[in-house]
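The residues making up each chain are set out below.
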Amino acid sequence: MGLERRPRGDRSRRGQRGAAWLTVHARTRTQLYQPPVRWPDLARARASIPIPVVANGDLRVPEDLSHCAAQSCCHAFMIGRAAMARPDLFAVIRGARQDRPLPLAELAEILRDYHAAMRDDGLEPGRAVARVKQWLRLAAQLDPRFEPHFHATKTAAAWPPIAAHLNGMADATTVAHTGPTT
């Protein structure tokens, strides 16, 4: 948020330069992604400019949005890293999906589709693989269920071993959900 240093110039005029909104991460530059998130400081930013402020920072579950809204007075939110572990989070927040852990089979399907879309858009194979592994790394930081899957794929240099692992995630999840038949 830049609040650890003195402001330069009149920041209230920034909204007059054509920006439609300003997204503010509720931490200082020196904090990076470390706690604590500073949602109340967003209220100060919101009051100082004539354009909407979009709140960002540690919005991981639906309840975080209501807490952030109450503390920041913001009405718009940006979700970053949490969307990697919870790609269904937006649907949960809108009430279009039940708030439950995302089944591993669904994440595997999302990652396969993500890789295919990147390749269809012309991204070189190694970069597409790196992006899938990055997604799994970020998901593992927020949801321990994804840790073994990140560790199983992090050294893969090509898509086939990752695809095989993702297919195994789907198979293992299906077995876990259906259970043994008697």
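Heads up: the structure comes first, above all this text.
In this report, we go over the structure that sits alongside the text. Worth saying up front: this structure is predicted, and the values here are computed from it rather than measured.

### Focus: the overall build of the protein chain
Right, on to step 1. What the protein chain contains, in helices and strands, is 8 helices and 3 strands.
Right, on to step 2. Helices and strands appear in the protein chain in the N-to-C order β-α-β-α-β-α-α-α-α-α-α.
Right, on to step 3. In the protein chain, which comprises 182 residues, the share counted as buried stands at 37%.
Right, on to step 4. Contacts in the protein chain between residues at least 24 apart in sequence constitute 53% of all its contacts with a sequence separation of at least 6.

### Let's talk about the pairing of strand E2 (residues 53-56)
Right, on to step 1. Neither face of E2 is open: one carries Val53 and Ala55, the other Val54 and Asn56, and all of them are buried.
Right, on to step 2. Looking at chain direction, strand E1 (residues 22-25) and E2 are connected through 4 bridges and run parallel. Along E2, the bridge assignment pairs histidine 25 with asparagine 56.
Right, on to step 3. Note that E2 and strand E3 (residues 76-78) share 3 bridges and pair parallel. Each residue of the ladder has a partner; that of valine 54, found in E3, is alanine 76.
Right, on to step 4. Following the chain from E2 across helix H2 (residues 62-72) to the adjacent parallel E3, one finds a crossover that is right-handed.

### Structural notes on the pattern of salt bridges
Where charged atoms from two side chains of opposite charge approach closely, those side chains can pair.
Right, on to step 1. The tally for this structure, following the rule as stated, stands at 10 salt bridges.
Right, on to step 2. Notably, a salt bridge pairs arginine 60 with aspartate 58, separated by 3.4 Å at the nearest N-O pair.
Right, on to step 3. Across the pair aspartate 88 and arginine 86 runs a salt bridge, and its minimum N-O distance is 3.3 Å.
Right, on to step 4. Residues joined in a network through salt bridges with shared partners are Arg86, Asp88, Arg97, Asp99, Arg100 and Glu106.

### Focus: the sheet that holds E2
Right, on to step 1. In space, the 3 strands of this open sheet follow the order E1-E2-E3, with parallel pairing throughout. The sheet is open, and its two borders are formed by E1 and E3, each paired with just one other strand. Neighbour-to-neighbour, the strand axes of this sheet turn through a mean angle of 35°, independent of strand direction.

### A short note on the nonpolar core
Right, on to step 1. In this structure, Leu107, Leu111, Phe146, Trp159, Ile162 and Leu166 are the most contacted members of the largest nonpolar core, which totals 25 residues.
Right, on to step 2. For this core, the elements supplying multiple residues, two or more each, are helix H3 (82-85), helix H5 (104-120), helix H6 (125-142) and helix H8 (159-178).
Right, on to step 3. When residues of this core are assigned to their parent elements, the largest contribution, 8 residues, is made by H6.
Right, on to step 4. Beyond its immediate chain neighbours, meaning those up to four positions away, leucine 111 contacts Val132, Trp135, Leu136, Trp159 and Leu166.
Right, on to step 5. If you look at the next biggest cluster of nonpolar residues, it comprises 16 residues, including Leu42, Val53, Leu59 and Leu89.

### Here's the deal with the side chain of histidine 149
Right, on to step 1. The topology assignment puts histidine 149 in helix H7 (residues 147-153).
Right, on to step 2. What makes histidine 149 buried here is its relative accessible area of 13%.
Right, on to step 3. Apart from residues lying up to four places away in sequence, histidine 149 is in contact with Leu104, Leu136, His165 and Met169.

### Some details on the packing of aromatic side chains
Right, on to step 1. For the structure on display, the rule yields 1 aromatic pair.
Right, on to step 2. Pairing tyrosine 114 with tryptophan 135 gives two aromatic rings, centres 4.9 Å apart and planes at 65°, and the pair type is edge-to-face. You can see tyrosine 114 sitting in helix H5 and its partner tryptophan 135 sitting in helix H6, a full 21 residues away along the chain.
Right, on to step 3. The partly exposed category is assigned to tyrosine 114, whose relative accessible area is 25%.

Parameters at a glance
Residues numbered from 1 in each chain as written. Predicted model: local features only at pLDDT ≥ 70, side-chain atom pairs only at ≥ 80, totals over all residues. Heavy atoms only, no water. Helix = DSSP H or I, 4+ residues; strand = E, 2+ residues; numbered from the N terminus. Buried < 20%, exposed > 50% of the residue type's maximum accessible area, 1.4 Å probe, protein only. Contact = heavy atoms within 4.5 Å. Pairing = 2+ DSSP bridges. Right-handed = clockwise from strand over helix to strand, strands pointing away. Salt bridge = Lys/Arg side-chain N within 4 Å of Asp/Glu carboxyl O. Axes fitted to C-alpha atoms, helices over the stretch in contact; angles between N-to-C directions. Core = buried A, V, L, I, M, F, W, Y, C linked by side-chain atoms within 4.5 Å. Phe/Tyr/Trp six-rings, centres within 6.5 Å; stacked < 30°, edge-to-face > 60°.

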